[in-house]
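# Geometric and topological summary
Residue strings, one per chain:
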Amino acid sequence: MNALQTAIADGMTITKRNTLKIKRAPDQLGGVIILPIVFVLLFAYVFGSMIDIPGMSYQEYMIPGIFVQTVVMSAQITGYTLVLDLQKGIFDRFRTLPMAPSAVLTGQTISDVLMNVSSIIAMSVMGLIVGWRIHSAPHEAVLGFLLLLLFAYAFSWVTATVALALRTPEVFNNIATVVSMPLVFLSNAFVDSARLPGPLKVVAEWNPVSTIIQATRELFGNTDPAMPVPGAWPLRHAVTASLLWSALILAVFVPLATRLYKKAVGR
Amino acid sequence: MPPAIVAEGLVKRYGDVIALDGMDLSVPEGTVLGLLGPNGAGKTTTVRILTTLLKPDAGHATVAGFDVVRDAQRLRSHIGASGQYAAVDDHLTGAENLEMVGRLHHLGTKRSKERARELLERFDLTRAGDRPVQGYSGGMRRRLDLAGALVANPPVLFLDEPTTGLDPRARAGLWDVISELVTGGTTVLLTTQYMEEADRLADRIAVVDHGHVIALGTADELKDQVGGDRITLTVTNPADLQTVRRVLAPLAVGEMQTDPAASQVAVPVANGAASLTTALGALAAERVTVRDAGLRRPTLDDVFLTLTGHEATKNAKEHSR
């Protein structure tokens, strides 16, 4: 086997390991399936009864927001699992094996994509129940789901980087929550960002989370001509901008996480 | 035949702390070297360097003929390592843990599965093999971890405090397993804080303190180094300890050790039984009441104490607190 084949095979082995772990410890899976379902219900009926979105129901508007919120939140599991493994010494075992060192991080991030697939399925079903519909062509809808997963994958590398820099589960959890909450709520997830006041509006419109949400709305057909046209460039070219954001995040955080991993284990 | 493990002048610093300070080792193929020393002596750091987990700041080392820094990736196919914290996955079953190691050794799926079953059987884990490791006892975990180190049949094995924290029965069980391996011709580097463990398993013992080897030899050679037999005397009245030291001083061939809490004195002597008779006669003449008197071979504890001026295990406990 050459280096690339080894890296892929080892990445798959680690992915399988992490997937088994999720299966055996369903508490995490519960978190990424049950919590989003609760969010769907709360937002659909509490905010839904108060907020008017021109041309469409609030349910249709907010489901893409919940999708992105969920993948951002569940990316924390990547980081959390890494810190726990780091403390247990299992990485020492891995590093005495003739495996590709990259497999630990690729395996972890890929297994989290698989977890995201199950949570997106759960949310879609819940969304359909509360009145969300896909109005676009099937290939666009598929693209929408793929874009979500791509962003989820990229964002896993962000949390991996943060986790490997902090190296303590409790500290990581606190910081991750403190950062991801504003990231999700200072966006167009649950309110129209165009109606936010001055500086908040600028932040929300340039927030990558808003871009991904806008792109999935477009790809699922959850937009309406009656809605005000967003001003910021990333929102007007949401699909392109989402791909650019994901590529940029991967380009920065894959090497960064890899470096921090080497530093964290080599002490 | 070149030695399976060679380390020359290894140095490792952590800021101002010098973990290794010129560590030299040489382990001939098919033998067991015990690294004996307290926590903080540099045992684990040595193992981490030899298993490619750490790079030394100075010095070099080869394992199975491969340089630990330059040939690290190829070296990893030839070693097995089992640490003091069993590196097994709680949520995976015993079999899955071993299969994963096999696949990461690139044995292929089928061979990995077969190998996992073989090892589970050998380590008496067949019945537990399909249960998640979460429910394993400490001893079972260590056995599984050791099995993980053996998946690829490595010619060189590193065991870092393999029985630390185990109860006596589990420890004895693991000792049997390790002894068996050694008869199979595997070269083993074993670190331990337990004299008994080094005595039982190692062909040669390297006593380590402050990051380098301070004595090397078989258990018997080391014991001879600290002199012959020891008289241990326990007196009824602790106030007599001074008298005992004075009376026995002419007999001592080395440093006497006094343990006031136990009202005990240990005296290294040249000609065992005769010295004991002389000692008891002299103490009777001084009217010292002796509660217990005995003659014993030096233990590795004595070796350690003599060489370093502190006790291995006691020191270790203080460190781990």
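Residues numbered from 1 in each chain as written. Chains lettered and ligands numbered in written order. Predicted model: local features only at pLDDT ≥ 70, side-chain atom pairs only at ≥ 80, totals over all residues.

### A short note on the UniProt feature "domain: ABC transmembrane type-2" (unreviewed entry) in chain A
According to UniProt, the positions carrying the feature "domain: ABC transmembrane type-2" (unreviewed entry) are residues 27–264 of chain A. Between the C-alpha atoms that bound residues 27–264 of chain A there is a distance of 27 Å. The span itself is 78% helix and 0% strand. (UniProt positions renumbered as here; feature names shortened; annotations may be inferred. Helix = DSSP H or I, 4+ residues; strand = E, 2+ residues; numbered from the N terminus.)

### Quick look at unusual backbone geometry
Residues and elements named next belong to chain B. Backbone geometry at H106 places phi at a positive 65°, although glycine is not the residue there. Tracing the backbone shows H106 in the loop between α3 (94–104) and α4 (109–122). With 19 C-beta atoms packed within 10 Å, H106 lands in the partly exposed category. Non-glycine residue R287 carries a positive phi angle of around 60°. Positionally, R287 belongs in the loop between α10 (272–285) and β14 (290–296). With 8 C-beta atoms counted inside 10 Å, the residue R287 sits in the exposed group. (Buried ≥ 20, exposed ≤ 12 C-beta atoms within 10 Å, placed from the backbone.)

### Quick word on the pairing of strand β11 (residues 230–235) of chain B
Two faces belong to every sheet, and in a regular strand the side chains alternate between them. Residue and element names in this part refer to chain B. In this structure, β11 lies alongside strand β13 (residues 264–268), joined through five bridges in antiparallel fashion. Bridged to T232 within β13 is A266. In the sheet, β11 pairs with β14 via six bridges, with the strands oriented antiparallel. Bridge pairing in β14 places L233 opposite A293. (Pairing = 2+ DSSP bridges.)

### Observations concerning the sheet that holds strand β12 (residues 257–259) of chain B
All names here are of chain B. Ordered by their spatial adjacency, four strands build an open sheet running β12-β13-β11-β14, and the pairing between neighbours is antiparallel. At either margin of the open sheet sits one strand with a lone partner, and together these are β12 and β14. On average, adjacent strands in this sheet sit at an angle of 15° to one another, irrespective of strand direction. Against the sheet, helix α9 (residues 241–248) contacts β11, β12 and β13, and its axis sits at roughly 10° relative to β13. Lying over the sheet, α10 contacts β11 and β14, oriented at roughly 165° with respect to β14. (Axes fitted to C-alpha atoms, helices over the stretch in contact; angles between N-to-C directions. Contact = placed C-beta atoms within 7 Å.)

### What to know about the packing of helix α3 (residues 58–88) of chain A against helix α9 (residues 208–220) of chain A
Residue and element names in this part refer to chain A. The interhelical angle for the contact between α3 and α9, taken along N-to-C directions, is 135°, at an axis separation of 9 Å. The pairing of α3 with α9 is recorded here as oblique in orientation. Where α3 crosses over α9, the handedness of that crossing is right-handed. Of the residues in α9, those in contact with P64, G65, F67, V68 and V72 of α3 are V209, I212, I213, T216, R217 and F220. Split into classes, the residues belonging to the contact of α3 with α9 amount to eight nonpolar, two polar and one charged. (Parallel < 35°, antiparallel > 145°, perpendicular 65-115°, else oblique. Left-handed = near helix turned anticlockwise from the far one by under 90°. Nonpolar A, V, L, I, M, F, W, Y, C, P; charged D, E, K, R; others polar.)

### Here's the deal with the nonpolar core
Membership of the largest hydrophobic core comes to 139 residues, with the highest contact counts inside it found for B:L50, B:V63 and B:L189. Top contributing element to this core by residue count: helix α6 (residues 138–166) of chain A, with 14 residues. Once you skip the residues sitting within four places of it in the chain, B:L189 turns out to touch B:I5, B:V27, B:L33, B:L35, B:V47, B:L50 and B:F158. In this structure, B:L248, B:V267, B:V269 and B:L276 belong to the second largest nonpolar core, which totals 13 residues. (Core = buried A, V, L, I, M, F, W, Y, C linked by C-beta atoms within 7 Å.)

### Examining the UniProt feature "transmembrane region" (unreviewed entry) in chain A
Mapped onto this numbering, the UniProt entry annotates "transmembrane region" (unreviewed entry) at residues 29–51, 63–83, 113–135, 141–164, 171–191 and 243–261 of chain A. Overall, residues 29–51 of chain A shows 83% helix and 0% strand. The separation of its end C-alpha atoms is 31 Å.

### Side note on the sheet that holds strand β8 (residues 187–192) of chain B
The strands making up a sheet are joined through hydrogen bonds of the backbone, oriented either antiparallel or parallel. All names here are of chain B. Strand order in the open sheet formed by six strands is β6-β7-β8-β3-β9-β10, and the pairing between neighbours is mixed. Edge strands, defined here as strands with exactly one partner in the open sheet, are β6 (79–82) and β10 (212–217). Neighbour to neighbour, the strand axes of the sheet diverge by 15° on average, direction disregarded. Here strand β3 (residues 32–36) pairs with β8 via five bridges, running parallel. Considered in β8, the bridge of L33 is made with L189. Most of the contacts of helix α1 (residues 43–50) go to β8, to which it runs at about 150°, and overall it touches β3, β7 (156–160), β8 and β9 (204–209).

### Things to note about the interface of chain A and chain B
Chain A puts 18 residues into the contact, and the matching count from chain B is 24 residues. Elements supplying a minimum of two residues to the side of chain A that touches chain B: α1 (3–24) and α4 (90–95) of chain A. Here the side of chain A that touches chain B gets six residues from one element, more than from any other, and that element is α1(A). In terms of residue class, the side of chain A that touches chain B is made up of seven nonpolar, four polar and seven charged.

### Things to note about the environment of A:Y45
All names here are of chain A. When you line up the elements, Y45 lands in helix α2 (residues 26–47). The exposure class of Y45 is exposed, given the 12 C-beta atoms found within 10 Å. Placed 14 residues apart in sequence, Y45 and Q59 show a C-alpha to C-alpha distance of 8.4 Å.

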